[in-house]
Amino acid sequence: MSITVHFTDPQGNAVSAEAEPGDNLLRVGQAAGLPLEGTCEGQMACSTCHVVVDAEWFDKLAEASEEEEDMLDFAADVRRTSRLSCQIELSVELDGLAVTVPADAHDARRM
């Protein structure tokens, strides 16, 4: 079963992507061309994959670990529903998940 994820890019444009259960939100966003750098390649040693999860979806995610919360302290424009996309494993229950890539996001891999 395919999962649809709805992103809003830093310019406010809607980008939808298809994923499979078990996919990682960071990799799905990168494949869709979003500026999610993921400098640490998903090892939770940076905050360059920060996203803001739409409020209606936030409580459906597994709770953030203390380590993830600590990494979010380094991200700009953190909000109550901020998460590191590398820590979100997609499941069928998350079909339709909506997240926003913050305006300050950039991907140094593209420079």
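Note that this is a predicted model, so its numbers are computed, not measured.

K.L.:
Would you explain the sheet that holds strand β2 (residues 14-19) in this entry?
P.N.:
Hydrogen bonds between backbone groups are what pair the strands of a sheet, and the pairing can be parallel or antiparallel. Overall, mixed pairing links the 5 strands, which are arranged β2-β1-β5-β3-β4 in an open sheet. Strands at the two margins of the open sheet, each flanked by one partner only, are β2 and β4 (82-84). When the angles between neighbouring strand axes are averaged without regard to direction, this sheet yields 35°. Judged from the 6 bridges that link them, strand β1 (residues 3-8) and β2 form a sheet pairing that is antiparallel. Along β2, the bridge assignment pairs F7 with V15.

K.L.:
Quick question: what am I supposed to make of the pairing of strand β3 (residues 50-53) here?
P.N.:
A regular strand places its side chains so that they alternate between the two faces of the sheet. Residues H50 and V52 of β3 are buried on one face, and the alternating residues V51 and V53, pointing to the opposite face, are buried as well. In this structure, β3 lies alongside β4, joined through 3 bridges in antiparallel fashion. Bridged to H50 within β4 is L84. In this sheet, strand β5 (residues 98-100) lies alongside β3 in antiparallel orientation, the contact comprising 2 bridges. In the sheet register, V52 faces β5, and the bridge partner there is T100.

Reading the values: rules and limits
Residues numbered from 1 in each chain as written. Predicted model: local features only at pLDDT ≥ 70, side-chain atom pairs only at ≥ 80, totals over all residues. Heavy atoms only, no water. Pairing = 2+ DSSP bridges. Helix = DSSP H or I, 4+ residues; strand = E, 2+ residues; numbered from the N terminus. Axes fitted to C-alpha atoms, helices over the stretch in contact; angles between N-to-C directions. Buried < 20%, exposed > 50% of the residue type's maximum accessible area, 1.4 Å probe, protein only.

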